[in-house]
Amino acid sequence: NKSSYETFSMHVSAGVCEIKGNNDRYWQVSDDRSKITVSGSAKQSMYMEFVEDSKFAIRYKDSDGSTYYLKGEKNGSLNFKATEITKEALWEF
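Treat the numbers as computed from the prediction; the structure is a model and nothing was measured. Note on numbering: residues in each chain are counted from 1, in written sequence order. Local features are withheld for residues below a pLDDT of 70 in this predicted model, meaning they are given only at 70 or higher, and side-chain atom pairs are given and counted only at 80 or more; totals for whole chains, interfaces and linings count all residues. Side-chain calculation: all heavy atoms of the structure are included, whereas hydrogens and water are not.

(A) Highlighting the nonpolar core. What we call a nonpolar core is a set of buried Ala, Val, Leu, Ile, Met, Phe, Trp, Tyr and Cys residues that are connected through their side-chain atoms within 4.5 Å. Relative accessibility decides the category of a residue: with a 1.4 Å probe and only protein chains considered, values under 20% of the type maximum give buried, values over 50% give exposed, and everything between is partly exposed. Cys-17, Ile-19, Trp-27, Val-29, Val-38, Met-46, Phe-56, Ile-58, Tyr-60, Tyr-68, Leu-70 and Phe-80 together form the largest nonpolar core, which totals 12 residues. Considering each element in turn, this core owes the most residues, 3 residues, to strand E6 (residues 55-61). Throughout, a residue-residue contact means that at least one pair of heavy atoms, one from each residue, lies within 4.5 Å. Excluding anything up to four places from it in sequence, Phe-80 contacts Val-29, Arg-33, Ile-36, Met-46, Ile-58, Arg-59, Tyr-60, Tyr-68, Tyr-69 and Leu-70. Only runs of H or I of at least four residues qualify as helices and only runs of E of at least two qualify as strands under DSSP, and these elements are numbered from the N terminus.

See the structure below:
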C-alpha cells in the first residue's frame, strides 16, 4: 500500500471559506456529517478558527444551526463529527 496525496484550493472571503478539489468540484458534507466528498457543484461555507500559533480548526454549521469541527480519524478519513475542538480536530500549517 502506498499513500497518495490530493491538493485542494480554498477561497476565503469575509471569514467564510469554500474548499475545492482538482476536479473543480466543492467539498460536499453528507447529511450525517460522516463523509466528505469532492463532488458538490454548490459551495458549502466553512469557517477557519485559529487556535494556537500554528494550529487551526475548520468549523461547519449544519442545516439546523449546530456547529461541528473537521476531525481526522486514525484510518485517514475526515468527517465533521467533533462538537468541540480536540487534538483530532486541530490542523497545523
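(B) Looking closely at the packing of aromatic side chains. Two rings from Phe, Tyr or Trp (for Trp, the six-membered ring) form a pair when their centres sit within 6.5 Å of each other. Planes less than 30 degrees apart are called stacked, planes more than 60 degrees apart edge-to-face, and all others tilted. Within the structure shown, the criterion is met by 5 aromatic pairs. When the ring of Phe-8 is compared with that of Trp-27, the centres are 5.5 Å apart and the planes differ by 90 degrees; the resulting orientation is edge-to-face. Note that Phe-8 is positioned in the segment before strand E1 (9-13) and Trp-27 in strand E3 (residues 26-29), a separation of 19 residues in sequence. With 6.1 Å between their ring centres and 45 degrees between their planes, Phe-50 and Phe-56 make a pair best called tilted. For Phe-56, a relative accessible area of 12% corresponds to the buried category. Grouped by ring-pair contacts, the aromatic residues Phe-50, Phe-56 and Phe-93 constitute a single cluster.

(C) Representation of the side chain of Arg-59. One can find Arg-59 in strand E6. Under the relative-accessibility criterion, Arg-59 is labelled buried at 18%. At a separation of 2.5 Å, a polar atom in the side chain of Arg-59 contacts the side chain of Glu-49. Setting aside anything within four residues of it in sequence, one finds Arg-59 in contact with Met-46, Tyr-47, Glu-49, Thr-67, Tyr-68, Tyr-69 and Phe-80. The definition of a polar contact used here is a pair of N or O atoms within 3.5 Å, where within protein one atom must be able to donate a hydrogen and the other to accept one, and adjacent residues in sequence count solely through side-chain atom pairs.

(D) Quick look at the pattern of salt bridges. We define a salt bridge as a side-chain nitrogen of Lys or Arg found within 4 Å of a carboxyl oxygen belonging to Asp or Glu. A full pass over the atoms with the stated rule returns 4 salt bridges. Put simply, Asp-24 and Lys-20 hold a salt bridge, and the shortest N to O gap is 3.8 Å. Residue classification places Asp-24 among the exposed positions, given a relative accessible area of 55%. According to the relative accessible area criterion, Lys-20 is partly exposed, its value standing at 24%. When the shortest N-O distance is used, the salt bridge between Glu-49 and Arg-59 registers 2.5 Å. Of this pair, Glu-49 sits in strand E5 (residues 46-52) while Arg-59 sits in strand E6, placing them 10 residues apart in sequence.

(E) Seen up close, the pairing of E1. Relative to strand E2 (residues 16-20), E1 runs antiparallel, the two being bridged by 5 bridges. Its bridge partner being in E2, His-11 is matched across the sheet by Glu-18. Adjacent in sequence and paired antiparallel, E1 and E2 are bridged by 2 residues, among which Ala-14 carries a positive phi angle near 55 degrees. A pair of strands is treated as paired once DSSP finds two or more bridges between them.

Everything listed is a geometric property; what it means functionally is a separate question.
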